[in-house]
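Listed below are the residues making up each chain.
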Amino acid sequence: MEDSSGWDDPDLKEKNLPHRIIVYELNEVPYKVFDHYCDHFKNGALARLRKQSTAFETFAEDSGHLSPWVTWPTLHRGVLNDEHEITDFGQNLRSVNRELPPIWDILSRRGIKVGMFGSLHTHPLPDNVKDYAFYVPDTFAAGPECFPEQYEVFQAFNLAMTGKNASQVNSGIALKEAARFVAASPGLGISGRTLTKLVGQIASERLNKNRLVRRRTSQVQIAFDFFLKALWREHPEASFFFTNHVASSLHRYWPSLFPEDYEDLRYDLDWLTAWKNEIPFTLHEADYQVSQLIAFTERNPGYKLIVATSMGQAAVQGTERENRRVVVTGLNRLMKGLGLGDEEWKKRPAMVPHYNAWITPEKRNEFLQKLSALTINGKCIRAEPLGEGIYRLEISLINQAEILVEFEGGPADPAVFGIANLDLQDAAGSNAYHVPDGILAIYDPRIAGSLERHRISTLDVAPTILQNFGITPPQYMQSGFKLG
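To start, this report covers the structure provided alongside it. Given the structure is predicted, the values throughout are model-derived calculations rather than measurements. (Residues numbered from 1 in each chain as written. Predicted model: local features only at pLDDT ≥ 70, side-chain atom pairs only at ≥ 80, totals over all residues. Heavy atoms only, no water.)

## Thoughts on the packing of aromatic side chains
Working step 1: Counted by the stated rule, this structure contains 26 aromatic pairs.
Working step 2: Where Phe134 meets Phe227, the ring centres are 6.1 Å apart and the plane angle is 75°; that geometry is what we call edge-to-face. Here Phe134 is found in strand 4 (residues 134-136), whereas its partner Phe227 is found in helix 10 (residues 215-234), with 93 residues between them in sequence.
Working step 3: In textbook terms, an aromatic cluster arises when at least three aromatic residues are bridged by ring pairs, as seen for Tyr24, Phe117, Phe134, Tyr151, Phe154, Phe224, Phe226, Phe227 and Phe241.
Working step 4: A cation sits over an aromatic face here: Arg193 above Tyr288, 3.3 Å from the ring centre.
Working step 5: Lying over the aromatic face of Tyr31, Arg453 brings its terminal NZ or CZ to 3.8 Å of the ring centre. (Phe/Tyr/Trp six-rings, centres within 6.5 Å; stacked < 30°, edge-to-face > 60°. Helix = DSSP H or I, 4+ residues; strand = E, 2+ residues; numbered from the N terminus. Lys NZ or Arg CZ within 6 Å of the ring centre and 35° of its normal.)

Next comes the structure, spelled out in structure tokens:
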């Protein structure tokens, strides 16, 4: 571990230092999962967090369909989705960032040194990015830009691998990005522990092909190393780290952990046995990361750790086992097949099963007409306008024995449009999905925790963090509560 430059001096521990915060955004993990893990691993960091933190049950009050790209902006901005109107990735956020800025923007413009690593909707870089300790946007960013620039090789690799490992984890590696990343990684802070895990991951895939799905966690292992090194080096007053690795596992493998949650369990014993360790695996990694952050707060007086979700997950009844899913393997081929040139559209970030694209004004009507003339087994690809020429495309076809693609009344080659009927390695669909209930746990080494959990809105989080730094929340926010 890097030298902490005097921050771990015992003589400083009783001084009245500012309440610096680390926000660990553990996406979509509900208390049901959190408590289950703590009950089974009583000596872990999450169990310690449960015992020694001040905890709240949060509730997302957003209307309509709950998704992380909606509920996190609510938590970060202190207003509901009806006001911030963020519905997906790739939207132009200039106006909402000016009128309803996220907490890190308010903090940085009030002179608070902020470290950012991966929170949603953090691309493009802010105009005052040099005021930040570090700034690495989310894994759905439209480009690899980071501050300092040394992180850009990692972000380019991260974005490339996220694209490869969407519906199905790909055994391939983005070689060009990987080569640049490996060359730069020692200076960024990758640890021997993580290198050992990455080598072990590749070896385990050869012994058990099911282990390939754990590559989703490999990316966050690398990212956390860089975040932790930056944390020790810069000691930002407020820092944010986002991870989705547990959430992606919960969506798929919930039946293997909580089979009793299903009235009609559609997975056999072989499937439950094959995938029973996937959620615990992701939680072990979260447990390790929280242990490192707890250790940091204990060696650095004045820091608090906040573990937060913007919502949770719960079992979904009646879902089908997904052996196959129709997907777009190449958005560029789809657009070319529809007659759009490279300069007439641009890919925008999205989370599967969605695909987002910006279309030039003069081509939008033609694009929609052509898209409506394309069918897969008699169904169209849905296009939902997100504003400013951005469309969200979605295909909802699973377990198709074969696919018949037709375009403008005649048969068409699926490959021409980048359409494939993908065999899913884990045969797992969305077995758990979003619910409003989430977690907020505040760990302060100087204060005894409480087992009692009060219920609060996610709207309370942003004003509470601002007040922690002596900043009066904007009038459109709620009053929040005292952080401690």
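## Some details on the packing of helix 10 against helix 11 (residues 245-257)
Working step 1: Closest axis-to-axis distance for the helix 10/helix 11 pair is 9 Å, and the angle between their directions is 165°. As summarised for this structure, helix 10 and helix 11 are arranged roughly antiparallel, according to the angle between their axes. Crossing of helix 10 against helix 11: the hand is left-handed. Contacts between helix 10 and helix 11 involve Arg216, Thr217 and Val220 from the former and His245, Ser248 and Arg252 from the latter.
Working step 2: In terms of residue class, the contact of helix 10 with helix 11 is made up of 1 nonpolar, 3 polar and 2 charged. (Axes fitted to C-alpha atoms, helices over the stretch in contact; angles between N-to-C directions. Parallel < 35°, antiparallel > 145°, perpendicular 65-115°, else oblique. Left-handed = near helix turned anticlockwise from the far one by under 90°. Contact = heavy atoms within 4.5 Å. Nonpolar A, V, L, I, M, F, W, Y, C, P; charged D, E, K, R; others polar.)

## Details of the sheet that holds strand 12 (residues 379-380)
Working step 1: A sheet is described by the order of its strands in space; here 4 strands give the open sequence 12-11-15-16, paired in antiparallel fashion. Two strands bound the open sheet, and with one partner strand each, they are strand 12 and strand 16 (410-412).
Working step 2: Bridge count for strand 11 (residues 374-376) against strand 12 is 2 bridges, and the pairing is antiparallel. If you follow Thr375 over to strand 12, its bridge partner there is Cys380. (Pairing = 2+ DSSP bridges.)

## Considerations on empty space enclosed by the protein
Working step 1: Taken as a whole and judged by the stated rule, the model has 3 cavities of 30 Å³ or more.
Working step 2: By volume, the largest cavity is sized at about 70 Å³.
Working step 3: Elements represented by at least two residues in the lining of the largest cavity include exactly helix 10, helix 11 and helix 13 (278-299).
Working step 4: Tallying contributions element by element places helix 11 first for the lining of the largest cavity, with 4 residues.
Working step 5: Split into classes, the residues belonging to the lining of the largest cavity amount to 3 nonpolar, 5 polar and 3 charged.
Working step 6: What the second largest cavity holds in volume is close to 50 Å³.
Working step 7: Around the second largest cavity sit Tyr262, Asp264, Leu265, Arg266, Tyr267, Val316, Gln317, Gly318, Thr319 and Asn431, which together line it. (1 Å grid on protein atoms, 1.4 Å probe; cavity = no way out; pocket = protein on both sides within 12 Å on 5 of 7 lines; lining within 4 Å. Points joined across faces, edges and corners; volume = space filled by probe spheres on them.)

## A few points about the side chain of Gln155
Working step 1: Among the secondary structure elements, Gln155 is positioned in helix 7 (residues 152-164).
Working step 2: Look at Gln155 and you get buried, because its relative accessible area is 0%.
Working step 3: Within the local environment of Gln155, its side chain forms a polar contact with the backbone oxygen of Pro137, the two atoms lying 3.1 Å apart.
Working step 4: Not counting chain neighbours up to four residues away, the residues in contact with Gln155 comprise Val136, Pro137, Asp138, Ala141, Gly143, Pro144 and Cys146. (Buried < 20%, exposed > 50% of the residue type's maximum accessible area, 1.4 Å probe, protein only. Polar contact = N/O pair within 3.5 Å; in protein donor to acceptor, adjacent residues only side chain to side chain.)

## Here we look at the pairing of strand 3 (residues 114-117)
Remember that side chains alternate between the two faces of the sheet whenever the strand is regular.
Working step 1: Because side chains alternate across strand 3, one face comprises the buried residues Val114 and Met116, and the other comprises Gly115 and Phe117, equally buried.
Working step 2: Judged from the 3 bridges that link them, strand 3 and strand 4 form a sheet pairing that is parallel. Its bridge partner lying in strand 4, Gly115 is registered against Phe134.

## Some thoughts on the nonpolar core
Working step 1: In terms of nonpolar packing, the biggest core is built from 66 residues, with Tyr24, Phe117, Tyr151, Phe227, Leu293 and Leu305 touching the most fellow members.
Working step 2: Broken down by element, this core gets its largest block of residues, 10 residues, from helix 10.
Working step 3: Ranked by size, the runner-up nonpolar core spans 37 residues in total, among them Met116, Leu466, Phe481 and Leu483. (Core = buried A, V, L, I, M, F, W, Y, C linked by side-chain atoms within 4.5 Å.)

## Overview of helix 9 (residues 192-207)
Working step 1: Here helix 9 is 16 residues long and its end C-alpha atoms lie 23 Å apart, about the 22 Å a rise of 1.5 Å per residue gives.
Working step 2: Listed in full, the buried residues belonging to helix 9 are Thr194, Leu198, Gln201 and Glu205. With its buried residues spanning 55° around the axis, helix 9 presents them on a single face. Facing away from the buried surface of helix 9 by more than 90 degrees, the exposed residues are Thr196, Val199, Arg206 and Leu207.
Working step 3: Packing partners of the buried residues in helix 9 comprise helix 10. (Expected span 1.5 Å × (residues − 1). Arc of directions from axis to C-beta.)

Distances and angles like these do not, on their own, reveal function.
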